[in-house]
Protein chains: 2
Amino acid sequence: MVTIKDIAKATGVSPSTVSRVIADNPRISSDTKKKVRKAMKELGYHPNIHARNLVAQSTKAIGVILPSSADKALQNPFFPEILRGIGSVTHKEQYTMMLSSGQTEDEIFAEVERMVYGRYVDGMILLYSRMDDRITNFLRENEFPFVIVGKPYEYMNEITHVDNDNFSAGKEITEYLIAQGHQRIAFIGGARDLFVTIDREKGYETALQEAGLEDVKDYHIHTEFLKSAGREAVESLLALKQRPTAIVISDDLISLGVLGMLEDSGIRVPEDISLVSFNNVYLSEITRPALTTIDIQIYELGAQSAKALIEKTVDKSEPVKRIIIPHKVIYRDSVSSYKRP
Amino acid sequence: MVTIKDIAKATGVSPSTVSRVIADNPRISSDTKKKVRKAMKELGYHPNIHARNLVAQSTKAIGVILPSSADKALQNPFFPEILRGIGSVTHKEQYTMMLSSGQTEDEIFAEVERMVYGRYVDGMILLYSRMDDRITNFLRENEFPFVIVGKPYEYMNEITHVDNDNFSAGKEITEYLIAQGHQRIAFIGGARDLFVTIDREKGYETALQEAGLEDVKDYHIHTEFLKSAGREAVESLLALKQRPTAIVISDDLISLGVLGMLEDSGIRVPEDISLVSFNNVYLSEITRPALTTIDIQIYELGAQSAKALIEKTVDKSEPVKRIIIPHKVIYRDSVSSYKRP
DNA sequence: CTGTTAGCGCGTTCAG
DNA sequence: CTGAACGCGCTAACAG
């Protein structure tokens, strides 16, 4: 391993001079700078970060916390995509990205503790937002910089977060369905304690209400990614005497499952029933029919959260922010206008 | 920040004693151990890894290199799942996982250089295997510990890698199709320079050959995840006077695309054409029909590669290994036996 | 069984 | 413009 001393010796200057050259300190003659840089190249010098971090009391690294992978949710293409977004800015800023690897909530919590106390990272991004979250509380109590992708369950004004306007998104897409003539519209969502679900559902309810449509209780379904359990729920939905003519689904991946069940039941989309959903992951354009869905700009969600976090870690006085990433309806083929039978 | 010194002062012992307690050194009286541990608890001591790494000349961290995300391939649920596998063992071993974040090959290469030279990590896992790969060469030249998930393009016997027997898998699944009476079987694969594709395709070819079936050139299609370009290819396949009655597809995600196109063309699966594919990601059971596919145990692929890597980083003399993860055909509904029309 | 000393590689005073 | 000296927090070698 070639250190600062080695190249100091090789060039006949002192280690501190070399250090200054690395930092591009203006009060070093360009002559010696050149000389030193040359030696660095030749000897293959590379700074040792641990030494650097030790003195700098900062690591240019951020931790990314995934939801507990008990959640099958991890299989969602949402994650690679948001990681890509985060990566784009960590990379640009020469930051490093450390991933949580725990499976259960307890494991993850222990990991977060290590990361924070051990000074592994300068800050973290939470890729989920759940009610009453231990990790969020811990981070807050320790005044450790972090940002949440989604909506914090409390202290909204004290926690920087990056989110979509899920309420409006849910409202808009439902209104679109209503504009197409649908009056019996159901909602299928994921876990009930996730804010995305909650917000989108509220938007849906509000749209119904404003249009003077009845909000039927049986039309609300919550399920974890639609395995057998979800199947029954959907079947009961179809068994209703007043079957819905359209469904708002809170996630593209769930839509895929629903699409399958509908096909099993011999129900055609969009002829018999219309579907809309959220996220616009790659999948949504290769299903048949292709899904009308809301593009929430996952990549941007990631990029902006990383950007906000880094800003905060370099300047503690950076104010708390709430960043809303715009969404957009992507019209494809899963909706038809309702024609009275 | 509370350091070793603080707790030394608090307990009236020397810093080194504290250090020894942390390492659970046997020649420390259990009395002082207790005393020291108590103080650590009370003062909230946590070791600073950078200090530790600096002296240990090792970081308990591994780098995970994703393929360049120009590849849309990243959207594949394969990645979250393999990360989960890797995470399971890094977590158990108290290791840390650092993710590459570059988008282009050049960016990633620069990152790898930093990680290696800067001693960010003790070793890395490459989540792809491509012909003539710069990063592989670099790692080899620097004798830096790494393992490849997939097959190295050369120096097979000098690079530890974790792979499936993709050749056999391709052969088996094709033989299954043949056993169902199919004689005209096509192959659709991803990028041509990826070893997975190559191996699976060879298995397919061998099966045909052994069964005395003709290997039709027009039956081979290569495409990047089936956007417009892939569509044309598939359409040309269907336009052939001798249309295939079954298709072997090298990835579940591609299958999803093909399924869509087939439906567009009014071709029913499996009645008109049978489909089989690889990976058994979550998706493959929610499509309609559910896909008959080969389970390659993605999670295990990740876990084993992490395990092998960590073993190598702790004991440099650990021999090069080649670990083959078994696969298994998962029979679902995308295949029917061929009946002469 | 425990304390003292030195040093990991680097950045940062403080002198000059 | 540059060098010497110190310290970041921790471990290891050597004493005792």
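The rules behind each value
Residues numbered from 1 in each chain as written. Chains lettered and ligands numbered in written order. Predicted model: local features only at pLDDT ≥ 70, side-chain atom pairs only at ≥ 80, totals over all residues. Heavy atoms only, no water. Pairing = 2+ DSSP bridges. Helix = DSSP H or I, 4+ residues; strand = E, 2+ residues; numbered from the N terminus. Axes fitted to C-alpha atoms, helices over the stretch in contact; angles between N-to-C directions. Contact = heavy atoms within 4.5 Å. Least-squares fit on C-alpha atoms with pLDDT ≥ 70 in both. Near = heavy atom within 4 Å. Polar contact = N/O pair within 3.5 Å; in protein donor to acceptor, adjacent residues only side chain to side chain. Nonpolar A, V, L, I, M, F, W, Y, C, P; charged D, E, K, R; others polar. Buried < 20%, exposed > 50% of the residue type's maximum accessible area, 1.4 Å probe, protein only.

As recorded in an unreviewed UniProt entry, chain A goes by LacI family DNA-binding transcriptional regulator and comes from Oceanobacillus luteolus.

S.K.: I'd like a description of the sheet that holds strand 6 (residues 185-189) of chain B, backed by residues and values.
M.R.: Residues and elements named next belong to chain B. Read from one edge of the open sheet, 6 strands run 7-6-8-9-10-12, paired in mixed fashion. Among the strands making up the open sheet, the edge pair consists of strand 7 (220-222) and strand 12 (328-330). The mean angle between the axes of side-by-side strands here comes to 20°, regardless of whether they run parallel or antiparallel. As paired elements, strand 6 and strand 8 (residues 246-249) share 4 bridges and run parallel to each other. Residue pairing in the sheet places Phe 187 in a bridge with Val 248 of strand 8. Across the face of the sheet, helix 11 (residues 252-264) comes into contact with strand 6, strand 8, strand 9 (274-279) and strand 10 (292-295) while running at roughly 155° to strand 9.

S.K.: Give a description of the relation of the copies chain A and chain B that names residues and reports values.
M.R.: The operation relating chain A to chain B is a screw motion whose rotation component is 180°, with 0.0 Å of axial translation and a residual RMSD of 0.1 Å. These values place the two chain copies in the arrangement generated by a two-fold rotation axis. The overlap is high: 100% of the interface residues of chain A also sit at the interface in chain B, so the same surface is used on both sides.

S.K.: Explain the protein's contact with DNA strand D to me, using residue names and the numbers behind them.
M.R.: Close to DNA strand D lie 24 residues, the nearest being Thr 17 and Arg 20 of chain A together with Ile 4, Ser 19 and Tyr 45 of chain B. The contact atoms of DNA strand D, taken as those within 4 Å of the protein, divide so that sugar and phosphate hold 67%. Here Ile 4 of chain B contributes a backbone N or O atom positioned 2.5 Å from a phosphate oxygen of DNA strand D. For DNA strand D, a base nitrogen lies 3.1 Å from a polar atom in the side chain of Arg 20 of chain B. At the level of secondary structure, the elements contributing two or more residues to the surface near DNA strand D comprise helix 2 (15-22) and helix 4 (49-56) of chain A together with helix 1 (4-11), helix 2 (15-22) and helix 4 (49-56) of chain B. Partitioned by chemical class, the residues of the surface near DNA strand D number 9 nonpolar, 10 polar and 5 charged.

S.K.: Break down the environment of Leu 83 of chain A for me, with residues and values.
M.R.: Note that Leu 83 of chain A resides in helix 5 (residues 78-92). Given the relative accessible area of 8%, Leu 83 of chain A is considered buried. Between the C-alpha atom of Leu 83 of chain A and that of Met 97 of chain A, which follows or precedes it by 14 residues, the distance is 9.4 Å. Setting aside residues no more than four positions away along its own chain, Leu 83 of chain A makes contact with Val 64, Met 97, Leu 99 and Leu 127 of chain A together with Leu 83 and Leu 99 of chain B.

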